[in-house]
Amino acid sequence: MNKKVSGGVVHKMPADLKKTLIADRAALAKWEDITPLARNEWICWVESVKTPEKRREHVERTATELKEGMRRPCCWIGCIHRKDKPLNRSQKFILGRRAKK
């Protein structure tokens, strides 16, 4: 699996997502067509889940949704790991709710 697949601006390309994209030419073409910031959102979305089953689901959905024309994950608060911009109000609200649990 030495094929180059572009990563995000903060997150590196995870092996499971890379493998899935390499196996699906159409998904890989869409992946390479989106911006590094959009790729970063997908990677963060994949890495944000807590269980292996959910992660597999997110990896598969990434390929499927890219082919359907989605450029970023739906209903995602956005990557909270970026340091080039402050968190927006929605992100702060959701993170505040998580901290109270």
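For the structure, check the block above.
Residues numbered from 1 in each chain as written. Predicted model: local features only at pLDDT ≥ 70, side-chain atom pairs only at ≥ 80, totals over all residues. Heavy atoms only, no water.

Student: Honestly, the nonpolar core in this entry has me stumped. Any pointers?
Tutor: M13, L17, L21 and W31 are the most contacted members of the largest nonpolar core, which totals 16 residues. With five residues, helix α3 (residues 36–47) is the single largest residue contributor to this core. In contact with W31, not counting residues within four places along its chain, are V5, S6, M13, L17, L21, R39, W42, I43, T62 and L66. (Core = buried A, V, L, I, M, F, W, Y, C linked by side-chain atoms within 4.5 Å. Buried < 20%, exposed > 50% of the residue type's maximum accessible area, 1.4 Å probe, protein only. Helix = DSSP H or I, 4+ residues; strand = E, 2+ residues; numbered from the N terminus. Contact = heavy atoms within 4.5 Å.)

Student: Explain the packing of helix α2 (residues 25–33) against helix α4 (residues 52–67) here, please?
Tutor: If you want to describe how two helices pack, look at the angle between their axes and the distance between the axes. For the pair α2 and α4, interaxial distance at closest approach is 8 Å and the crossing angle is 75 degrees. Taken together, α2 and α4 sit at an angle that is classed as roughly perpendicular. From α2, A26, A27, K30 and W31 reach across to α4, where they touch T62, A63, L66 and K67. Its residues placed into classes, the contact of α2 with α4 shows five nonpolar, one polar and two charged. (Axes fitted to C-alpha atoms, helices over the stretch in contact; angles between N-to-C directions. Parallel < 35°, antiparallel > 145°, perpendicular 65-115°, else oblique. Nonpolar A, V, L, I, M, F, W, Y, C, P; charged D, E, K, R; others polar.)

Student: Looking at this structure, I do not really get α3. What am I missing?
Tutor: Two residues of an α-helix separated by three or four positions point the same way, owing to the 3.6 residues in each turn. Relative to the 16 Å expected for twelve residues at 1.5 Å per residue, α3 spans 16 Å between its end C-alpha atoms, a close match to the ideal helical length. Of all the twelve residues making up α3, nine are buried; the element is thus mostly covered by neighbouring parts of the structure. Buried within α3 we find A38, R39, N40, E41, W42, I43, C44, W45 and V46. Buried positions along α3 lie against α1 (15–23), α2 and α4. (Expected span 1.5 Å × (residues − 1).)

Student: I tried to follow α1 on my own but got confused; where do I start?
Tutor: Listed in full, the buried residues belonging to α1 are L17, K18 and L21. For α1, the buried positions fall inside an angular range of 100 degrees around the axis, keeping them on one side. Opposite the packed face of α1, turned more than 90 degrees from it, sit the exposed residues A15, K19 and A23. Those residues of α1 that are buried lie in contact with α2, α3 and α4. (Arc of directions from axis to C-beta.)

Student: Explanation requested: the packing of aromatic side chains in the structure shown.
Tutor: Any two aromatic rings considered together are summarised by their centre-to-centre distance and by the angle between their planes. Under the definition given, this model contains one aromatic pair. Ring geometry for W42 and W45: centres 5.6 Å apart, planes at 80 degrees, overall edge-to-face. Here the residue W42 and the residue W45 both occupy positions in helix α3, the gap between them amounting to three residues, near one helical turn. This pair shows no difference in class: W42 is buried, exactly as W45 is. (Phe/Tyr/Trp six-rings, centres within 6.5 Å; stacked < 30°, edge-to-face > 60°.)

Student: Just to check I follow, could you spell out the pattern of salt bridges for this structure?
Tutor: Should the charged atoms of two oppositely charged side chains come close, the side chains can pair. A full pass over the atoms with the stated rule returns six salt bridges. R55 serves as the salt-bridge partner of D16, at 2.6 Å between the closest nitrogen and oxygen. Residue D16 is located in helix α1, and its partner R55 is located in helix α4; the two are separated by 39 residues in the primary sequence. A relative accessible area of 24% places R55 in the partly exposed class. R61 is the partner of E65 in a salt bridge, and the nearest nitrogen-oxygen pair spans 3.0 Å. (Salt bridge = Lys/Arg side-chain N within 4 Å of Asp/Glu carboxyl O.)

That's the geometry; what it means functionally is another story.
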